[in-house]
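Topology and contacts: notes
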Amino acid sequence: MSSSRIVDPRSRIVDPRLEADAFAGESRSDARRAERVKEDALARLASDLMGLSAKKLGQLELHEELVDAVSDAKRIPTGAALNRQLRRVRILLRDQDWMSLRTKLDALLATGVVPGLGAAPADPVSDSCLAWTLRLVGEGHPGVEAFVTEFPRADRTHLRQLVRAVQKAEGDRRLRAERTLTAALRGFLR
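Nothing here was measured: the structure is a model prediction, and the numbers come from that model. (Residues numbered from 1 in each chain as written. Predicted model: local features only at pLDDT ≥ 70, side-chain atom pairs only at ≥ 80, totals over all residues. Heavy atoms only, no water.)

Glancing now at the overall build of the chain. Counting secondary structure elements, the chain contains 9 helices and 0 strands. Listing every helix and strand of the chain by position from the N terminus yields α-α-α-α-α-α-α-α-α. Out of the 190 residues belonging to the chain, those deemed buried represent 38%. Long-range pairs, those at least 24 residues apart, make up 61% of the contacts in the chain between residues at least 6 apart in sequence. For the chain, the exposed area adds up to about 11,100 Å²; of that, 52% sits on carbon and sulfur atoms. (Helix = DSSP H or I, 4+ residues; strand = E, 2+ residues; numbered from the N terminus. Buried < 20%, exposed > 50% of the residue type's maximum accessible area, 1.4 Å probe, protein only. Contact = heavy atoms within 4.5 Å. Areas by Shrake-Rupley, 256 points an atom, 1.4 Å probe, with all protein chains shown as cover.)

Mean pLDDT for the chain: 79, with 79% of residues reaching 70 or above. Every residue in residues 1–9 is under pLDDT 50, and counting partners more than four places away or in other chains gives 13 contacts. Between residues 16–22, whose pLDDT stays under 50, and residues either more than four places distant or in other chains, the model counts 8 contacts. (pLDDT = per-residue confidence, 0-100.)

Bringing unusual backbone geometry into the picture now. The phi angle at E61 is positive, at roughly 55 degrees, despite the residue not being glycine. Its location among the elements puts E61 in the loop between α2 (54–59) and α3 (64–75). Assessed through its relative accessible area of 55%, E61 is described here as exposed.

Contact geometry of helix α1 (residues 28–50) with helix α4 (residues 80–94) gives a least axis separation of 9 Å together with a crossing angle of 110 degrees. The pairing of α1 with α4 is recorded here as roughly perpendicular in orientation. Crossing angle aside, the handedness with which α1 passes α4 is right-handed. Contact with α1, carried on its side by E39, L42, A43, L45, A46, L49 and M50, involves L82, L86, V89, R90, L93 and R94 of α4 and no other residues of that element. (Axes fitted to C-alpha atoms, helices over the stretch in contact; angles between N-to-C directions. Parallel < 35°, antiparallel > 145°, perpendicular 65-115°, else oblique. Left-handed = near helix turned anticlockwise from the far one by under 90°.)

Moving on, we get to the pattern of salt bridges. Summed over all chains, the structure comprises 13 salt bridges. Measuring nitrogen to oxygen at the nearest pair gives 2.7 Å for the salt bridge that ties R102 to D48. On the criterion of sequence distance, the pair formed by R102 in helix α5 (residues 98–111) and D48 in helix α1 is long-range, its members being 54 residues apart. Using a relative accessible area of 11% as the deciding quantity, one classes R102 as buried. Assessed through its relative accessible area of 28%, D48 is described here as partly exposed. Across the pair E145 and R160 runs a salt bridge whose closest N-O atoms are separated by 3.2 Å. Taken together, the positions of E145 in helix α7 (residues 141–150) and R160 in helix α8 (residues 156–168) put the pair 15 residues apart, joining distant regions of the chain. Owing to a relative accessible area of 5%, E145 belongs among the buried residues under this scheme. (Salt bridge = Lys/Arg side-chain N within 4 Å of Asp/Glu carboxyl O.)

This is the structure we're talking about:
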């Protein structure tokens, strides 16, 4: 079953610099879901940054203002003030290339070394895997169609099942479902 609808290969989730006018054809609920997925990813990134030591934050080569905001958040024990500070960190992350920061952080947490520094080579596949994962989860059907258009060997049904599993899951199950989706995408992006 193929769709006769032309799929726009651009994504507001992946590239926030794209104008909202380019997505006038999408529904408001699709736009809200895409924003929610993006904000969820930014919130997880902000909380993960907060869990890092000062030395590891320095390895990520963040802007000074962002490092200061994360350091301030670490000093706040709990409550509304901490939530406000994490919101400020998310605002600062929106202005940066937060997707490459997420892949650097994942590599740092997994291996202890930031890719692109020293002996660890940068991995462009990880950046595109994260971008496609966020796009598929945020856009749903149009994202799957864009992926299948770019990679015709991809199994549309399997991708839809993986995306649905991510959208339905919560907490740790959602993280596992996202990892499964990312692993499935990695095979096509190599």
